Amino acid sequence: MTRREHEIGTLVLEGMQNADIAEQLDLSVRTVEGHIYRMFAKLHIRSRDELDAAHLG
């Protein structure tokens, strides 16, 4: 997982929504969505609920 995916994953785990993450990291919402999509694919998960169990490690 890339550094940015890990950073965004951490913010997702903190309960932040995509628009809030985009604003905080000065990215577009679409870019955040893309990072989340690729992160989920790499971790073989489908939802934010599964992210905690996937251990971003």
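First, a word on what this report is: a plain description of the structure on this page.

Side note on the pattern of salt bridges
Point 1. Applying the stated rule across the entire model yields four salt bridges.
Point 2. E33 is paired through a salt bridge with R30; the nearest N and O atoms lie 3.8 Å apart. Pair noted here: E33 and R30 are both in helix α3 (residues 29–43), with a separation of three residues, about one helical turn.
Point 3. Judged by its relative accessible area of 64%, R30 is exposed.

Considerations on α3
Point 1. If you check α3, its first and last C-alpha atoms are 21 Å apart, about what 15 residues at 1.5 Å a residue would give, namely 21 Å.
Point 2. Taken together, the buried positions of α3 are occupied by V32, G34, H35, I36, M39 and F40.
Point 3. Two residues or fewer after α3 comes H44, characterised by a positive phi angle close to 55 degrees.

Description of the nonpolar core
Point 1. Formed by 14 residues in total, the largest nonpolar core has its most connected members in I8, I21, I36 and L51.
Point 2. Sorting the residues of this core by element identifies α1 (3–13), α2 (18–25) and α3 as the ones contributing at least two each.
Point 3. Looking at which element gives the most residues to this core, the answer is α3, with four residues.
Point 4. Filtering out sequence-adjacent residues up to four positions away, I36 remains in contact with I8, V12, N18 and R48.

A look at the packing of α1 against α2
Point 1. As a packed pair, α1 and α2 sit with axes 10 Å apart at the nearest point and diverge in direction by 130 degrees. Considered as vectors, α1 and α2 are oriented oblique to each other. The interaxial crossing formed by α1 with α2 has right-handed handedness. Note on element contacts: α2 touches α1 through I21, Q24 and L25, opposite R4, E7, I8, L11 and V12.
Point 2. Split by residue class, the contact of α1 with α2 holds five nonpolar, one polar and two charged.

What counts and what doesn't
- Residues numbered from 1 in each chain as written.
- Predicted model: local features only at pLDDT ≥ 70, side-chain atom pairs only at ≥ 80, totals over all residues.
- Heavy atoms only, no water.
- Salt bridge = Lys/Arg side-chain N within 4 Å of Asp/Glu carboxyl O.
- Helix = DSSP H or I, 4+ residues; strand = E, 2+ residues; numbered from the N terminus.
- Buried < 20%, exposed > 50% of the residue type's maximum accessible area, 1.4 Å probe, protein only.
- Expected span 1.5 Å × (residues − 1).
- Core = buried A, V, L, I, M, F, W, Y, C linked by side-chain atoms within 4.5 Å.
- Contact = heavy atoms within 4.5 Å.
- Axes fitted to C-alpha atoms, helices over the stretch in contact; angles between N-to-C directions.
- Parallel < 35°, antiparallel > 145°, perpendicular 65-115°, else oblique.
- Left-handed = near helix turned anticlockwise from the far one by under 90°.
- Nonpolar A, V, L, I, M, F, W, Y, C, P; charged D, E, K, R; others polar.

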